[in-house]
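# Analysis of the macromolecular model
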Amino acid sequence: MSDSFHRMWADLAPVGRHPDSGGYRRYAWTGADTDCRAWFRAQAEARGLDCETDRNGNQWAWLGDRTAGDAVVTGSHLDSVPDGGAFDGPLGVVSSFAALDELRRRGARFTRPLAVANFGDEEGARFGLACVGSRLAAGQLTREAAFALRDADGVSLPQAMEAAGHDPEAIGPDPERLAGIGAFVELHVEQGRALDLTGDAVGVASAIWPHGRWRFDFRGEANHAGTTRLADRRDPMLTYAETVLAARREAELAGAVATFGKVAVEPNGVNAIPSLVRGWLDSRAPDQAALDTVLAAVERAARERAERDGTDVAVVRESFTPVVEFEHALRDEIGRILGGSVPVLGTGAGHDAGILSASVPTAMLFVRNPTGVSHSPAEYAAEDDCVAGVRALADVLEGLACG
Ligand code: GLV
Ligand code: MN
Ligand code: MN
């Protein structure tokens, strides 16, 4: 089992890795993404699986009759955040193929169709919205909203899809496809240290925190950095700075998290007071009320500071995912298959499994991350734990899909 895992891991490792940072830049519908998709197709073909790309650009590798219904689907995503790690996404896809290899080695007899999936644009690194492929399929993103998405260079999602050889006119809800899935199980590297603390290689997900992305536009007046008296300035950077600190403060008070991880400045000159600072806030909390409290307080702090600075603030919610509680029946069944003692943990990270859970019985397996670091080139899982993850996924798929 570990042989097939290692071969795939080594094969995929160089794709989209930046030589300087060592991080991955596998953004949706770019050359690196095309290479990842080609890798996926090659893995499917090498196993005699029927590979298709759906109307929304998600890839599926089928074993058995995909029209039969009640399919068991596993998989994850291959795209990355800017300078992401090797594991977030790819661990789930590579482990899915490796689990299938393991089941074949065991001589398993499949009684339900099985598919490995690679969901498109999970991270939203290029167009700003996460889980575009699964959201479109599940009808949680309208065609109009998808067509309006633009990257930092002004390229629209449909233009990018078309340039990569995918027909954007086809995108839209895919209810029939989702109705044919009886269970979706996504394996993912853990993005915290819960399993490290319990001493387990593998865990099962309970819930995903509600989370969203908000764009804050702080507008002021461009002016000379050397000649403009401090009292005469309308500097949106000050408003932005105070808002970042407020986000941290309010998240701490509410038991939530809040991050300004992306910022754009105009005109972006060392010797010019900015006219615009655009900051993106990512905030997540254990429940909706806490998240609402954080957002209201951050927005209030931004407006109060803007009064002092003579600036303007506009806030746009760019995406939102409500709390996800994974299906108890499937989770319990997986617990039984894995022997009952597997830890059950919640997460603040978003996943395609969370999006699909509104339409399909869905579960997640997590593989221990000894440092908890994720969305960074330092993201890591030990080889033995990856192999334990493959074994657990194979056990789960055998329990669900084999007679
Ligand atoms: C995806 O990894 C997210 O949680 O933002
Ligand atoms: Mn991620
Ligand atoms: Mn992920």
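The residue count restarts for each chain, going from 1 along the sequence in the order it is written. Each chain takes a letter, starting from A, and each ligand takes a number, starting from 1, following the order in which they are written. Local features in this predicted model are restricted to residues whose pLDDT is 70 or higher, and side-chain atom pairs enter the listing and the counts only when it is 80 or higher, whereas totals over whole chains, interfaces and linings include all residues. The side-chain quantities take in all heavy atoms of the structure and omit both hydrogens and water.

## Digging into the domain arrangement of the protein
Accessible area lost on assembly of the parts is the figure often given for the size of an interface. In terms of domains, the protein is made up of domain 1 (2-209 + 323-401) and domain 2 (212-321). Between the C-alpha centres of domain 1 and domain 2 there is a distance of 33 Å. With twelve residues of domain 1 in contact, the opposing surface of domain 2 contributes ten residues. Think of a salt bridge as a Lys or Arg side-chain nitrogen and an Asp or Glu carboxyl oxygen that are within 4 Å of each other. Applying the counting rule to domain 1 against domain 2 returns zero salt bridges. By the criterion applied in these results, polar contacts are pairs of N or O atoms within 3.5 Å in which, for protein atoms, one can donate a hydrogen and the other can accept it, and in which residues neighboring in sequence qualify only through two side-chain atoms. On inspection of domain 1 and its partner domain 2, the count reaches four residue pairs in polar contact (both at pLDDT 80 or more). Note that Gly is not counted as nonpolar here; it falls among the polar residues with everything else outside the nonpolar set of Ala, Val, Leu, Ile, Met, Phe, Trp, Tyr, Cys and Pro and the charged set of Asp, Glu, Lys and Arg. In terms of residue class, the side of domain 1 that touches domain 2 is made up of six nonpolar, four polar and two charged. The domain limits used here are those given by an automatic or database domain assignment. Two residues qualify as a contact provided that any one of their heavy atoms is within 4.5 Å of a heavy atom in the partner residue.

## Structural notes on the coordination of the manganese ion (ligand 3)
As a rule, N, O and S atoms within 2.8 Å of a metal are its donors, except that Na, K and Ca use 3.2 Å; water is not among the atoms, so sites may look incomplete. For the manganese ion (ligand 3), the protein coordination sphere consists of H77 (NE2), D88 (OD) and H188 (NE2), at 2.0 to 2.2 Å. Spacing between the donor residues of the manganese ion (ligand 3) along their common chain follows H-x10-D-x99-H. In this structure, the manganese ion (ligand 3) lies 3.6 Å away from the manganese ion (ligand 2), the two metals sharing D88 as a donor. One end of the pair, H77, is in strand β3 (residues 71-77); the other, D88, is in the loop between β3 and α3 (90-105), and eleven residues separate them in sequence. Judged by relative accessible area, H77 falls into the buried class, the value being 0%. The cut-offs for exposure are 20% and 50% of the maximum accessible area for each residue type, with area from a 1.4 Å probe on protein chains only; residues under the lower value are buried, those over the upper are exposed, and the others partly exposed. Owing to a relative accessible area of 5%, D88 belongs among the buried residues under this scheme. A run of H or I in DSSP becomes a helix once it reaches four residues, and a run of E becomes a strand once it reaches two; helices and strands are each numbered from the N terminus.

## A closer look at the coordination of the manganese ion (ligand 2)
Protein coordination at the manganese ion (ligand 2) comes from D88 (OD), E123 (OE), E123 (OE) and H375 (NE2), with a distance range of 2.0 to 2.7 Å. We note that the donor set of the manganese ion (ligand 2) lies within a single chain, spaced as D-x34-E-x251-H.

## What about the environment of E144?
With respect to the helices and strands, the residue E144 is situated in helix α5 (residues 143-147). Spatially, the C-alpha atoms of E144 and A289 are 30 Å apart, while their sequence positions differ by 145 residues.

## A look at the pairing of strand β7 (residues 211-219)
Counting buried residues along β7, seven of its nine residues qualify, which places the element largely inside the surrounding structure. Being paired, for any two strands, means DSSP has found at least two bridges between them. Examined bridge by bridge, β7 and strand β11 (residues 276-284) share nine bridges and lie antiparallel to one another. The residue bridging H211 from the neighbouring strand is R284, located in β11. Taken together, the nine bridges between β7 and strand β12 (residues 312-321) define a ladder with antiparallel strand orientation. Bridge pairing in β12 links R219 to D312.

## A word on the packing of helix α1 (residues 2-12) against helix α2 (residues 31-46)
Packing of α1 against α2 brings their axes to within 11 Å, and their N-to-C directions diverge by 155°. Classified by the angle their axes make, α1 and α2 are roughly antiparallel. In the crossing of α1 with α2, the sense of the turn from one axis to the other is right-handed. Taken together, the residues of α2 that come into contact with α1 (itself represented by M8, D11 and L12) are C36, W39 and Q43. With axes taken as lines fitted to C-alpha atoms, and helix axes fitted only over the stretch in contact, angles between N-to-C directions fall between 0 and 180 degrees. Here is the rule for angles: anything less than 35 degrees is roughly parallel, anything more than 145 is roughly antiparallel, 65 through 115 is roughly perpendicular, and the remaining ranges are oblique. Rotating anticlockwise by less than a right angle from the far helix to the near helix defines a left-handed crossing, while the corresponding clockwise rotation defines a right-handed one.

## So, the environment of P90
Its location among the elements puts P90 in helix α3. A relative accessible area of 2% places P90 in the buried class. Apart from residues lying up to four places away in sequence, P90 is in contact with W9, L12, R26, H77, L78 and S95.

## Structural notes on the sheet that holds β11
Across the sheet, which stays open at both edges, the four strands sit in the order β9-β11-β7-β12 with antiparallel pairing between neighbours. The sheet is open, and its two borders are formed by β9 (257-266) and β12, each paired with just one other strand. Looking at each pair of strands side by side, their axes are set apart by 20° on average, direction ignored. For β9 and β11, the ladder comprises nine bridges, and the chain directions are antiparallel. Within the sheet, the bridge partner assigned to V257 lies in β11 and is R284. Against the sheet, helix α9 (residues 236-254) engages β7, β9, β11 and β12, with an angle of about 170° to β9.

## Points about empty space enclosed by the protein
Buriedness of a pocket was judged along seven lines, with at least five required to meet protein on both sides within 12 Å; pockets are open sets of points on a 1 Å grid over the protein atoms alone, cavities are sets where a 1.4 Å probe fits but cannot get out, and lining residues have an atom within 4 Å of a point. Grid points are joined across faces, edges and corners, and a volume is the space filled by probe spheres set on the points. Tallying each qualifying case throughout the model produces three cavities of 30 Å³ or more. Of the voids in this model, the largest cavity is the one considered here, and its volume is about 50 Å³. Every residue lining the largest cavity is listed: W9, L12, A13, Y24, R26, A86 and P90.

## Focus on helix α10 (residues 288-309)
How far a helix is expected to stretch is found by multiplying one less than its residue total by 1.5 Å. The end-to-end C-alpha distance of α10, which contains 22 residues, comes to 31 Å, matching closely the 32 Å that a straight helix rising 1.5 Å per residue would cover. Taken together, the buried positions of α10 are A290, L291, V294, L295, A297, V298, A301, A302, R305, A306 and D309. For α10, the secondary structure elements touched by its buried residues are β7, α9, β11 and β12. Looking at where α10 begins, the residue whose side-chain oxygen comes 3.1 Å from the main-chain nitrogen of A289 is D287. Backbone geometry just downstream of α10 places G310 in the positive-phi region, at approximately 70°.

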